[in-house]
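Results of the structural survey
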Amino acid sequence: MHIQLLRADITSMKVDAIISPSETSDESVSGGNLLCKFIIYTPIPRAGDEDAEEKIRRATINSLERAESLAVASVAMPAMCAGFPDPMMKRCAQVMLEATMLFGTRARSLQRVVYCLFDQGLYEVFESALRELKR
């Protein structure tokens, strides 16, 4: 499975599904007028949650599993740590990318995960984390 980092608006991505963080919902719906077939909603932690790291890991894996259940080949995913303090951003990137790489070893239909990181600083955090994980 290929992991790609882009500075892009997730709603402009031409992928099979986009992941959308949600406060409570855990569902898949039609992509409607977007360029994707599906929108996968996944609950994410709030800044300050004691178990935020584990919730980020679960949200990442659950999203990828949902994509597999829809038999899609590509998904676009945002950072699931918007609004978190800077030190947590680095850990969020590491957790999400580790979970994605681990999931990639058992993926069947999913071939490409695109992390859409609109903010330059966040892009650099994910880029650094991905470089470290690939060593």
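See above for the structure.
Residues numbered from 1 in each chain as written. Predicted model: local features only at pLDDT ≥ 70, side-chain atom pairs only at ≥ 80, totals over all residues. Heavy atoms only, no water.

Further remarks concern the nonpolar core. Residues Val75, Met96, Leu110, Tyr115, Leu117 and Phe126 are the most contacted members of the largest nonpolar core, which totals 33 residues. Elements with a minimum of two residues in this core: strand E1 (2–6), strand E2 (17–22), helix H1 (52–69), strand E5 (74–78), helix H2 (86–104), strand E6 (112–116) and helix H3 (120–134). Tallying contributions element by element places H2 first for this core, with 8 residues. Filtering out sequence-adjacent residues up to four positions away, methionine 96 remains in contact with Ile56, Thr60, Met77, Pro78, Ala79, Met80, Tyr115 and Phe126. The next biggest cluster of nonpolar side chains, apart from the first, holds 10 residues, and it includes Ile10, Met13, Val15 and Ile39. (Core = buried A, V, L, I, M, F, W, Y, C linked by side-chain atoms within 4.5 Å. Buried < 20%, exposed > 50% of the residue type's maximum accessible area, 1.4 Å probe, protein only. Helix = DSSP H or I, 4+ residues; strand = E, 2+ residues; numbered from the N terminus. Contact = heavy atoms within 4.5 Å.)

A complete count under the given rule lists 7 salt bridges for this structure. Glutamate 54 is the salt-bridge partner of arginine 57, the closest N and O atoms lying 3.4 Å from each other. Of the two residues, arginine 57 and glutamate 54 are both situated in helix H1; the distance of 3 residues between them amounts to about one turn of the helix. Judged by its relative accessible area of 23%, arginine 57 falls in the partly exposed class. Take glutamate 54: its relative accessible area is 36%, and that puts it in the partly exposed class. (Salt bridge = Lys/Arg side-chain N within 4 Å of Asp/Glu carboxyl O.)

Before going further, it helps to examine the environment of serine 30. The residue serine 30 is located in strand E3 (residues 27–30) in this model. Residue classification places serine 30 among the exposed positions, given a relative accessible area of 56%. Through-space distance from the C-alpha of serine 30 to that of alanine 93 is 28 Å; in sequence the pair is 63 residues apart. Setting aside residues no more than four positions away along its own chain, serine 30 makes contact with Lys37, Phe38 and Ile39. Polar contacts involving the side chain of serine 30 include one to the main-chain amide nitrogen of glycine 32, which spans 3.1 Å. (Polar contact = N/O pair within 3.5 Å; in protein donor to acceptor, adjacent residues only side chain to side chain.)

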